Amino acid sequence: MTIVGGIDIHRAQLTYDYVDLATGEFHTGRVAPANRDQLRAWLERFHGLKEVAFALEGCTGWRYVVEELILAGITAHVAEPAETAALRGRKSRAKTDRADARHLRQLLMDGRLPDSWIPPPHVLDARVLVRLYKDLVDERTGWLQRVHATLFHHGVPAAAGSLVTAASQKLLASAWLPPAGRYAVDAGMRQVERLTEEMLPLRKQLVDIGSHQPGCKALQRHYGIGALLAVAIWEELGDCRRFTSSDDAVRHTGLDVTVWSSDGKRTKGHLAKQGPPVLRWALYEASVYSARPSSPDYAYYQKLRERLDAHIALITIARKLARRCYHTLREVGEVAFEAAA
């Protein structure tokens with residue numbers, strides 16, 4: 001490489017640190033404000049140069065920076081934030097943006113940068129839609145829980161069942177509530193209706209992707225994974241060829257159990273939860289279907305449930321699904337992430 005550098009991303013500015021290996025000259029500074037136009041103008045200095053590479057952390061804002069780097073003919077490396085921080089070691093001096101950019105540049109030069117997968121644009125677009133859908137689901141669930149709590153507080157029996165069925169809506173309308181309680185319930189149900197209207201076309205769009213995209217169609221061979229969950233797993237798990245084993249794929253999900261042990265002392269294990277939250281949600285939702293007698297994992301689920309409990313059993317099934325999805329996506333290969341026809 002001719003030029004190697006690191007870029008630290010913030011909303012106000014992009015801090016850079018790069019070295020020209022031919023001359024040994026170092027350059028540091030900032031690109032402000034942090035937007036496409038300013039970055040594109042700054043990258044013009046590398047026009048015509050070959051073997052230019054920059055590293056940046058996979059934090060908010062990395063997408064447009066990578067897109068502009070690639071457009072300028074520069075090799076982009078996205079570093080995994082947690083592993084990058086671990087490689088910094090114990091902090092012995094003040095942490096600054098310039099120090100972070102220098103750290104990224106040094107890791108790239110040494111060949112120790114923990115690279116993350118850079119998805120194609122259509123996968124990134126699907127990721128945006130899936131995460132938006134999950135946010136809408138969470139917000140809708142939150143409003144339903146608030147309505148349930150209000151109804152229970154006033155002793156209304158509708159709080160024990162669903163609130164979105166026709167029968168529940170009728171019972172809810174006829175239930176006695178004080179004025180303030182009625183206002184809170186009606187306001188909450190209006191929010192539920194609004195979010196449902198937002199979710200339905202978005203869900204349809206995601207199901208359409210899952211029904212046509214090769215990788216998503218392959219994932220649906222596994223029991224419990226439908227078109228919607230397939231898209232979530234596909235775009236969050238990503239190209240599994242970057243993992244050396246299914247254990248690495250499970251670690252990526254954050255469903256692995258962390259244990260601290262020293263001198264015979266051992267803490268109780270907890271889920272790492274360091275991977276994408278949407279991926280854990282999708283795998284857990286798919287694992288719920290293992291409680292059905294028609295599931296191939298039904299006997300295993302029942303055994304775990306009797307010995308431990310239902311939640312731990314579902315987490316275990318979710319890990320098994322993560323391994324199966326890993327092998328499936330590896331077998332499909334490059335076709336798994338081609339744009340849907």
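Each remark here, short or long, concerns the structure printed above.
Figured I'd write up the structure that's included with this text. What you see is a predicted model; the values in this text were computed from it and never measured. (Residues numbered from 1 in each chain as written. Predicted model: local features only at pLDDT ≥ 70, side-chain atom pairs only at ≥ 80, totals over all residues. Heavy atoms only, no water.)

Another aspect to go through is unusual backbone geometry. Cis geometry marks the peptide bond from Ala32 to Pro33; its omega dihedral reads -5°. Position of Pro33 relative to the elements: it lies in the loop between strand S3 (25–31) and helix H1 (36–43). A positive phi angle, near 55°, is found at Glu51, a position not held by glycine. A positive phi angle is found at Lys273, which is not glycine, with a value near 55°. By the element assignment, Lys273 lies in the loop between strand S9 (270–271) and helix H11 (277–287). (Helix = DSSP H or I, 4+ residues; strand = E, 2+ residues; numbered from the N terminus.)

What follows concerns the side chain of Asp256. Inspection of the secondary structure puts Asp256 in the loop between helix H10 (246–253) and strand S6 (257–258). Buried within the structure, Asp256 lacks any salt-bridge partner; Arg251 is the closest side chain of opposite charge, at an N-O distance of 5.0 Å. Here Asp256 is in contact with Val250, Arg251, His270, Leu271 and Ala272, once residues within four sequence places are set aside. (Buried < 20%, exposed > 50% of the residue type's maximum accessible area, 1.4 Å probe, protein only. Lys, Arg positive; Asp, Glu negative; His and termini not counted. Salt bridge = Lys/Arg side-chain N within 4 Å of Asp/Glu carboxyl O. Contact = heavy atoms within 4.5 Å.)

Counting residues in each nonpolar core, the largest one holds 44 residues, and the members touching the most others are Ile225, Ile233, Trp234 and Leu237. Of all the secondary structure elements, the ones that give two or more residues to this core are helix H5 (121–153), helix H7 (179–212), helix H8 (214–219), helix H9 (227–237), H10, H11 and helix H13 (310–332). Counting 24 residues, the second largest nonpolar core, distinct from the first, contains Val31, Phe46, Trp62 and Val78. (Core = buried A, V, L, I, M, F, W, Y, C linked by side-chain atoms within 4.5 Å.)

Attention shifts here to the pattern of salt bridges. Evaluated as defined, the whole model comprises 18 salt bridges. Close ionic contact of Asp239 with Arg241 constitutes a salt bridge, the shortest N to O distance being 2.8 Å. Linked by salt bridges that have partners in common, Arg36, Arg40, Arg63, Glu67, Glu68 and Asp125 make up one network.

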